[in-house]
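# Fold and contact review
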Amino acid sequence: MKRGGWSLLWLAAALTACEPAIIDHSATSNLLDAESASLETGPGAWIAWYGVTASRASTDAREGEAVLRVEVTEPYGWGVHLDNWPGFAASPGAHRASFWVRGMSERSPVAEMRVSWRDASGRELQSDLLSSPVLSSKWVRTARELTAPAGTERMSVAVTGAEGVPGEVIELDVLVVQALSAP
């Protein structure tokens, strides 16, 4: 066969005859359980902490079909947290935390995700804060590299806002805290 004479049919046949590709790297996974991270089958371990009602809502989600809908019920701040004391299993070292958020009201609040690193007894060793930009009706992702301190065995997460007015709505989706692979 002369150069450049490959047919698409021959190429397709050659590619389908190949063995499946194997990608040689370790997967990094979310430390949060799938339900709390994606909200697709329920609200996971998320509960209202103060000044809000929290529920899973089928809406125009960032990914999938559902979000955590946070409706502010009292002024002067709001919060939701994971109700799974002392938190999910974690280990010391490099991590990446991220979340998607949007505001569904005329005001422009800010959301903060706090990741608390805990020892085996539940004592907080350190906490790290991720602050979103001012929210609008468009989804925005906030991400940050974190380092869990020596002695870390558990991790917990809360999402809060320093201000809020009754009726304000904040939606959260795709909440992630993942261990980064060692180089």
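Residues numbered from 1 in each chain as written. Predicted model: local features only at pLDDT ≥ 70, side-chain atom pairs only at ≥ 80, totals over all residues. Heavy atoms only, no water.

## Concerning the overall build of the protein chain
Rules: Strands are runs of DSSP state E lasting at least 2 residues, helices are runs of H or I lasting at least 4, and numbering of each runs from the N terminus. Each residue is assigned to one of three classes by its accessible area relative to the maximum for its type, calculated with a 1.4 Å probe on protein chains only: buried under 20%, partly exposed between the two thresholds, exposed over 50%. For the area figures, the Shrake-Rupley method with a 1.4 Å probe applies, and any residue is considered shielded solely by the protein chains shown.
Scanning the protein chain from terminus to terminus reveals two helices and eleven strands. Listed N to C, the secondary structure of the protein chain is α-α-β-β-β-β-β-β-β-β-β-β-β in terms of helices and strands. Buried residues in the protein chain amount to 40% of all 183 residues. Summed over all atoms, the accessible surface of the protein chain reaches about 10,200 Å², with 54% contributed by carbon and sulfur.

## Brief notes about the environment of A120
Its location among the elements puts A120 in the loop between strand 7 (112-118) and strand 8 (124-131). The exposure class of A120 is exposed, given its relative accessible area of 54%. Each C-alpha atom of the pair A120 and G151 lies 7.9 Å from the other, and the pair is 31 residues apart in sequence.

## Overview of the packing of aromatic side chains
The condition that has to hold: Any Phe, Tyr or Trp ring, taking Trp's six-membered ring, that has another such ring centre within 6.5 Å forms a pair; planes under 30 degrees apart are called stacked, those over 60 apart edge-to-face, and the others tilted. Definition used: whenever NZ (Lys) or CZ (Arg) falls within 6 Å of the ring centre and also within 35 degrees of the ring normal, the charge is taken to sit over that ring.
On inspection of all chains with the given rule, the structure shows one aromatic pair. Seen in terms of ring centroids, W49 and Y50 are 5.3 Å apart; in terms of plane orientation they differ by 65°. Their pairing is edge-to-face. When the ring centre of W100 is taken as origin, the NZ or CZ atom of R62, which lies over that ring, is 3.8 Å away.

## Concerning the environment of L39
Counted only if it meets this: Contacts: residue pairs with any heavy atoms within 4.5 Å of one another.
Position of L39 among the secondary structure elements: in the loop between helix 2 (34-38) and strand 1 (46-50). Given the relative accessible area of 0%, L39 is considered buried. C-alpha of L39 to C-alpha of L172: the two residues are 133 residues apart in sequence and 9.3 Å apart in space. L39 has contacts with A34, W46, R56, A66, V67, L68, L172, D173 and L175, leaving out every residue within four places of it along the chain.

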